[in-house]
Amino acid sequence: MKKLPMLLAGLSLFGSAQATVYQFDFTAKIQEMVEFSPMTFDGGPVTSSSVSGSNVSVGDIISGHFSYDTETALFSNKGGTVMYSAPGALNTLSASIGGGNVALSDASYSSTNVQVANNAATLGGADSFGIANVSANAYASEMMALSFFDKSGQALNATTMPGQLDFASFNRSTFYYTYSSNATHAMMGANGALTSVTFTQVPAPVPEPETYAMLLAGLAAIGWKGRRR
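Quick caveat: nothing in here was measured; it's all calculated off a predicted structure.

Rules of the game
Residues numbered from 1 in each chain as written. Predicted model: local features only at pLDDT ≥ 70, side-chain atom pairs only at ≥ 80, totals over all residues. Heavy atoms only, no water. Helix = DSSP H or I, 4+ residues; strand = E, 2+ residues; numbered from the N terminus. Buried < 20%, exposed > 50% of the residue type's maximum accessible area, 1.4 Å probe, protein only. Contact = heavy atoms within 4.5 Å. Areas by Shrake-Rupley, 256 points an atom, 1.4 Å probe, with all protein chains shown as cover. Phe/Tyr/Trp six-rings, centres within 6.5 Å; stacked < 30°, edge-to-face > 60°. Patch = residues over 30% accessible without salt bridge, like charges linked within 9 Å, V, L, I, M, F, W, Y side chains within 5 Å. Salt bridge = Lys/Arg side-chain N within 4 Å of Asp/Glu carboxyl O. 1 Å grid on protein atoms, 1.4 Å probe; cavity = no way out; pocket = protein on both sides within 12 Å on 5 of 7 lines; lining within 4 Å. Points joined across faces, edges and corners; volume = space filled by probe spheres on them. Core = buried A, V, L, I, M, F, W, Y, C linked by side-chain atoms within 4.5 Å. Polar contact = N/O pair within 3.5 Å; in protein donor to acceptor, adjacent residues only side chain to side chain. pLDDT = per-residue confidence, 0-100. Pairing = 2+ DSSP bridges.

Participant: Tell me what's going on with the overall build of the protein chain, and back it up with residues and numbers.
Facilitator: Looking only at helices and strands, the protein chain has two helices and 15 strands in total. Residue burial in the protein chain is summarised as follows: out of 229 residues, 36% are buried. A separation threshold of at least 6 residues defines the contact pool for the protein chain, and within that pool the share at least 24 residues apart is 68%. As displayed, the protein chain has an accessible area near 12500 Å², and 57% of this comes from carbon and sulfur atoms.

Participant: Describe the packing of aromatic side chains, with residues and values.
Facilitator: Counted under the stated rule, the structure contains 14 aromatic pairs. Note on Phe 129 and Phe 148: the rings are 6.3 Å apart at their centroids and 45 degrees apart in plane angle, and the pair reads as tilted. With Phe 129 in strand E11 (residues 126-136) and Phe 148 in strand E12 (residues 140-150), this pair connects stretches of sequence that are 19 residues apart. Of the two residues examined, Phe 129 and Phe 148, each falls in the buried class. A connected cluster of aromatic rings, assembled from ring pairs, spans Tyr 22, Phe 24, Phe 26, Phe 66, Tyr 68, Phe 129, Phe 148, Phe 167, Phe 170, Phe 175 and Phe 199.

Participant: Residues and numbers for unusual backbone geometry, please.
Facilitator: A positive phi angle, near 60 degrees, is found at Phe 41, a position not held by glycine. Topologically, Phe 41 is positioned in the loop between strand E1 (18-37) and strand E2 (42-45). By relative accessible area, which is 66% here, Phe 41 ends up exposed. Unusually for a residue other than glycine, Asn 119 sits at a positive phi of about 50 degrees.

Participant: So what's going on with a nonpolar patch on the surface? Residues and values would help.
Facilitator: On the surface, a nonpolar cluster with roughly 320 Å² of combined accessible area is contributed by Phe 36, Phe 41 and Met 187. Take Phe 36: it is sitting in strand E1. Phe 36 sits in the partly exposed class, given a relative accessible area of 34%.

Participant: Now, about the environment of Val 197: what can you tell me, with residues and values included?
Facilitator: Here Val 197 lies in strand E14 (residues 187-201). The exposure class assigned to Val 197 is partly exposed, which follows from its relative accessible area of 25%.

Participant: With reference to specific residues and values, describe the layout of surface pockets.
Facilitator: Here the largest pocket is characterised by a volume of approximately 280 Å³. Around the largest pocket, the lining comprises 20 residues; the ones closest to its centre are Gln 115, Ser 128, Phe 129, Gly 130 and Ser 147. Of all the elements in the fold, those that place two or more residues in the lining of the largest pocket are strand E7 (81-84), strand E10 (109-120), E11, E12 and strand E13 (172-181).

Participant: Any chance you could break down the nonpolar core for me, citing the residues and the numbers?
Facilitator: A general trend in soluble globular proteins is that nonpolar side chains are found buried together. Counting 37 residues, the largest nonpolar core has Phe 26, Phe 66, Tyr 68, Phe 129, Leu 146 and Phe 175 as its most contacted members. Of the residues forming this core, the biggest block, six residues, is contributed by E1.

Participant: Lay out the environment of Glu 71 in plain terms, naming residues and giving numbers.
Facilitator: Structurally, Glu 71 can be placed in the loop between strand E5 (61-69) and strand E6 (74-78). We classify Glu 71 as partly exposed; its relative accessible area is 45%. Along the chain, Glu 71 and Met 161 lie 90 residues apart, while their C-alpha atoms are 7.5 Å from each other.

Participant: Can you lay out the side chain of Ser 67 for me, pointing to particular residues and giving the numbers?
Facilitator: Considering the arrangement of structural elements, one finds Ser 67 in strand E5. Reaching out from Ser 67, the side chain makes a polar contact with the backbone oxygen of Leu 90 at a distance of 3.2 Å. Not counting residues up to four positions away in its chain, the partners in contact with Ser 67 are Val 21, Tyr 22, Gln 23, Leu 90, Asn 91, Thr 92 and Ile 131.

Participant: I'd like a description of the environment of Asn 101, backed by residues and values.
Facilitator: Considering the arrangement of structural elements, one finds Asn 101 in strand E9 (residues 100-101). Along the backbone, Asn 101 and Ser 54 are 47 residues apart, and their C-alpha atoms lie at a distance of 9.6 Å. Sequence-distant contacts of Asn 101, that is, excluding residues within four places in its chain, are made with Ala 95 and Ser 96.

Participant: Outline the confidence of the model for the protein chain, supporting the account with residue identities and numerical values.
Facilitator: On average, residues of the protein chain score 83 in pLDDT, and 79% of them reach the 70 mark or higher. Every residue in residues 1-17 scores below 50 in pLDDT, and together they form 19 contacts with partners more than four places removed in sequence or on other chains.

Participant: Could you give an account of the pairing of E7, naming the residues involved and the relevant values?
Facilitator: Here E6 runs beside E7; their pairing, made up of four bridges, is antiparallel. Its bridge partner lying in E7, Leu 74 is registered against Tyr 84. Bridge analysis of E7 against E10 gives four bridges, and the strand direction is antiparallel. Within the sheet, the bridge partner assigned to Tyr 84 lies in E10 and is Val 114.

Written as C-alpha coordinates, this is what we have:
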(Lines give C-alpha, C1' and ligand atoms only; values in the text may rest on other atoms or scores of the structure.)
Protein backbone atom coordinates (compact mmCIF):
# COMPACT_ATOMS: atom_id res chain seq x y z
CA MET A 1 0.00 0.00 0.00
CA LYS A 2 3.00 2.29 0.35
CA LYS A 3 3.27 2.39 -3.44
CA LEU A 4 0.03 4.38 -3.80
CA PRO A 5 1.14 7.45 -1.80
CA MET A 6 4.43 7.50 -3.70
CA LEU A 7 2.60 7.30 -7.01
CA LEU A 8 0.23 10.08 -6.00
CA ALA A 9 3.21 12.19 -4.97
CA GLY A 10 4.75 11.64 -8.37
CA LEU A 11 1.50 12.64 -10.07
CA SER A 12 1.23 15.77 -7.94
CA LEU A 13 4.70 16.76 -9.09
CA PHE A 14 3.56 16.16 -12.66
CA GLY A 15 0.88 18.84 -12.22
CA SER A 16 2.91 21.34 -10.23
CA ALA A 17 5.39 22.76 -12.75
CA GLN A 18 3.49 23.91 -15.79
CA ALA A 19 3.64 26.54 -18.45
CA THR A 20 0.36 27.95 -19.73
CA VAL A 21 -0.14 29.07 -23.32
CA TYR A 22 -2.97 31.56 -23.92
CA GLN A 23 -4.36 31.67 -27.46
CA PHE A 24 -6.47 34.33 -29.17
CA ASP A 25 -7.97 35.32 -32.51
CA PHE A 26 -8.15 38.96 -33.54
CA THR A 27 -9.36 41.21 -36.32
CA ALA A 28 -8.13 44.67 -37.29
CA LYS A 29 -8.82 47.28 -39.97
CA ILE A 30 -5.98 49.06 -41.77
CA GLN A 31 -6.35 52.83 -41.40
CA GLU A 32 -3.02 54.28 -42.56
CA MET A 33 -0.25 53.26 -44.95
CA VAL A 34 3.08 54.66 -46.14
CA GLU A 35 5.74 53.75 -48.70
CA PHE A 36 9.34 54.94 -48.47
CA SER A 37 12.63 54.49 -50.32
CA PRO A 38 15.77 55.07 -48.21
CA MET A 39 17.79 55.18 -51.44
CA THR A 40 16.00 58.24 -52.86
CA PHE A 41 14.31 59.51 -49.67
CA ASP A 42 11.04 59.54 -51.58
CA GLY A 43 7.77 58.40 -50.07
CA GLY A 44 4.72 59.27 -48.07
CA PRO A 45 1.13 58.23 -47.37
CA VAL A 46 -0.51 55.82 -49.82
CA THR A 47 -3.86 54.08 -50.02
CA SER A 48 -2.44 50.75 -51.24
CA SER A 49 0.91 49.05 -51.73
CA SER A 50 2.29 45.99 -53.51
CA VAL A 51 5.85 46.31 -52.21
CA SER A 52 5.47 43.04 -50.29
CA GLY A 53 4.39 41.16 -53.40
CA SER A 54 0.70 41.19 -52.54
CA ASN A 55 -1.66 44.13 -52.54
CA VAL A 56 -2.41 45.71 -49.16
CA SER A 57 -4.86 48.62 -48.97
CA VAL A 58 -6.40 51.03 -46.50
CA GLY A 59 -9.68 49.50 -45.35
CA ASP A 60 -8.46 45.89 -45.58
CA ILE A 61 -9.58 43.64 -42.75
CA ILE A 62 -6.81 41.72 -41.01
CA SER A 63 -7.61 38.33 -39.46
CA GLY A 64 -5.01 36.84 -37.17
CA HIS A 65 -4.01 34.63 -34.30
CA PHE A 66 -1.58 35.06 -31.42
CA SER A 67 -0.47 33.12 -28.39
CA TYR A 68 1.89 33.72 -25.50
CA ASP A 69 3.66 31.35 -23.16
CA THR A 70 3.66 32.38 -19.48
CA GLU A 71 7.00 30.64 -18.92
CA THR A 72 8.89 32.69 -21.52
CA ALA A 73 12.25 33.82 -20.13
CA LEU A 74 12.89 37.47 -19.26
CA PHE A 75 15.03 39.20 -21.89
CA SER A 76 15.31 42.78 -20.63
CA ASN A 77 13.89 45.14 -18.00
CA LYS A 78 14.15 48.89 -18.53
CA GLY A 79 12.14 51.62 -16.83
CA GLY A 80 9.21 49.42 -15.92
CA THR A 81 9.00 47.90 -19.41
CA VAL A 82 9.89 44.20 -19.53
CA MET A 83 10.65 42.12 -22.63
CA TYR A 84 10.16 38.35 -22.66
CA SER A 85 11.89 36.28 -25.33
CA ALA A 86 13.15 32.70 -25.67
CA PRO A 87 13.75 30.48 -28.74
CA GLY A 88 11.69 27.57 -27.41
CA ALA A 89 8.76 29.60 -26.06
CA LEU A 90 5.33 29.05 -27.57
CA ASN A 91 4.78 32.67 -28.60
CA THR A 92 3.19 33.17 -32.02
CA LEU A 93 1.67 35.94 -34.12
CA SER A 94 0.21 35.44 -37.60
CA ALA A 95 -2.18 37.38 -39.82
CA SER A 96 -3.91 37.21 -43.20
CA ILE A 97 -5.84 39.47 -45.57
CA GLY A 98 -8.63 37.87 -47.58
CA GLY A 99 -7.24 34.44 -46.78
CA GLY A 100 -3.74 35.35 -47.97
CA ASN A 101 -1.02 34.98 -45.37
CA VAL A 102 0.76 38.19 -44.36
CA ALA A 103 4.13 36.65 -43.60
CA LEU A 104 7.34 35.43 -45.20
CA SER A 105 6.58 31.86 -46.22
CA ASP A 106 10.24 30.80 -46.25
CA ALA A 107 11.67 32.81 -43.36
CA SER A 108 15.20 31.86 -42.34
CA TYR A 109 14.78 33.80 -39.11
CA SER A 110 11.68 34.33 -36.98
CA SER A 111 11.26 35.50 -33.40
CA THR A 112 8.12 36.40 -31.44
CA ASN A 113 8.56 38.48 -28.30
CA VAL A 114 6.21 39.79 -25.61
CA GLN A 115 6.49 43.17 -23.90
CA VAL A 116 4.77 44.12 -20.64
CA ALA A 117 4.75 47.59 -19.01
CA ASN A 118 3.10 48.34 -15.68
CA ASN A 119 2.85 52.00 -14.57
CA ALA A 120 5.93 52.63 -16.71
CA ALA A 121 7.60 56.00 -16.18
CA THR A 122 8.53 56.15 -19.87
CA LEU A 123 4.81 55.88 -20.69
CA GLY A 124 3.69 58.49 -18.17
CA GLY A 125 2.52 55.82 -15.71
CA ALA A 126 0.52 53.89 -18.30
CA ASP A 127 0.23 50.13 -18.81
CA SER A 128 0.86 48.31 -22.07
CA PHE A 129 1.00 44.79 -23.47
CA GLY A 130 2.50 43.96 -26.84
CA ILE A 131 3.45 40.95 -28.93
CA ALA A 132 5.62 41.23 -32.04
CA ASN A 133 7.06 38.89 -34.66
CA VAL A 134 10.17 39.76 -36.64
CA SER A 135 11.14 37.54 -39.58
CA ALA A 136 13.59 37.64 -42.47
CA ASN A 137 14.86 35.69 -45.46
CA ALA A 138 17.32 36.39 -48.28
CA TYR A 139 14.87 38.73 -50.00
CA ALA A 140 13.09 40.72 -47.32
CA SER A 141 12.40 41.38 -43.67
CA GLU A 142 9.13 42.17 -41.98
CA MET A 143 7.56 42.90 -38.61
CA MET A 144 4.05 42.39 -37.30
CA ALA A 145 2.95 43.62 -33.89
CA LEU A 146 -0.10 44.08 -31.68
CA SER A 147 -0.03 46.79 -29.04
CA PHE A 148 -2.51 47.35 -26.19
CA PHE A 149 -2.30 50.59 -24.18
CA ASP A 150 -4.04 51.80 -21.02
CA LYS A 151 -3.37 55.41 -20.07
CA SER A 152 -4.92 55.01 -16.61
CA GLY A 153 -2.41 52.34 -15.59
CA GLN A 154 -5.17 50.08 -14.24
CA ALA A 155 -5.08 47.26 -16.81
CA LEU A 156 -2.06 45.47 -15.30
CA ASN A 157 -0.76 45.05 -11.77
CA ALA A 158 2.73 43.67 -12.49
CA THR A 159 5.36 43.35 -15.21
CA THR A 160 5.39 39.56 -14.97
CA MET A 161 4.10 37.54 -17.91
CA PRO A 162 0.32 37.91 -17.41
CA GLY A 163 -2.28 35.26 -16.93
CA GLN A 164 -5.56 35.70 -18.77
CA LEU A 165 -5.83 39.33 -19.88
CA ASP A 166 -8.99 41.39 -20.12
CA PHE A 167 -8.24 43.25 -23.34
CA ALA A 168 -11.36 45.38 -22.83
CA SER A 169 -9.50 47.12 -19.98
CA PHE A 170 -7.10 48.72 -22.49
CA ASN A 171 -8.37 51.93 -24.09
CA ARG A 172 -6.26 51.70 -27.28
CA SER A 173 -5.16 48.76 -29.40
CA THR A 174 -3.20 48.80 -32.66
CA PHE A 175 -1.97 46.41 -35.36
CA TYR A 176 1.33 47.25 -37.08
CA TYR A 177 2.93 45.74 -40.18
CA THR A 178 6.15 46.72 -41.97
CA TYR A 179 7.93 45.16 -44.95
CA SER A 180 11.37 45.94 -46.39
CA SER A 181 12.80 44.57 -49.65
CA ASN A 182 16.48 43.63 -49.56
CA ALA A 183 16.80 44.03 -53.34
CA THR A 184 15.24 47.47 -53.82
CA HIS A 185 15.29 48.66 -50.20
CA ALA A 186 11.70 49.82 -50.71
CA MET A 187 9.70 49.86 -47.50
CA MET A 188 6.01 49.91 -46.66
CA GLY A 189 4.17 50.23 -43.39
CA ALA A 190 0.57 49.85 -42.34
CA ASN A 191 -1.31 50.23 -39.09
CA GLY A 192 -4.86 50.09 -37.89
CA ALA A 193 -7.15 49.58 -34.94
CA LEU A 194 -8.07 46.16 -33.60
CA THR A 195 -11.78 45.46 -33.93
CA SER A 196 -11.97 42.23 -31.90
CA VAL A 197 -9.93 39.95 -29.63
CA THR A 198 -11.37 36.57 -28.59
CA PHE A 199 -10.20 33.36 -26.93
CA THR A 200 -9.71 30.46 -29.32
CA GLN A 201 -9.44 27.81 -26.61
CA VAL A 202 -9.21 27.42 -22.87
CA PRO A 203 -5.49 27.37 -22.00
CA ALA A 204 -4.11 23.87 -21.44
CA PRO A 205 -1.19 23.34 -19.04
CA VAL A 206 2.02 22.34 -20.81
CA PRO A 207 4.21 20.13 -18.57
CA GLU A 208 7.83 21.21 -18.49
CA PRO A 209 10.67 18.73 -19.16
CA GLU A 210 11.65 18.80 -15.48
CA THR A 211 8.16 17.58 -14.59
CA TYR A 212 8.52 14.48 -16.76
CA ALA A 213 11.91 13.79 -15.20
CA MET A 214 10.51 13.98 -11.66
CA LEU A 215 7.58 11.72 -12.54
CA LEU A 216 9.82 9.12 -14.17
CA ALA A 217 12.16 9.23 -11.18
CA GLY A 218 9.23 8.57 -8.84
CA LEU A 219 7.99 5.65 -10.93
CA ALA A 220 11.51 4.22 -11.08
CA ALA A 221 11.78 4.42 -7.29
CA ILE A 222 8.48 2.58 -6.92
CA GLY A 223 9.67 -0.18 -9.27
CA TRP A 224 13.02 -0.48 -7.45
CA LYS A 225 11.32 -0.87 -4.05
CA GLY A 226 8.98 -3.48 -5.50
CA ARG A 227 11.87 -5.58 -6.84
CA ARG A 228 13.66 -5.47 -3.46
CA ARG A 229 10.63 -7.06 -1.84
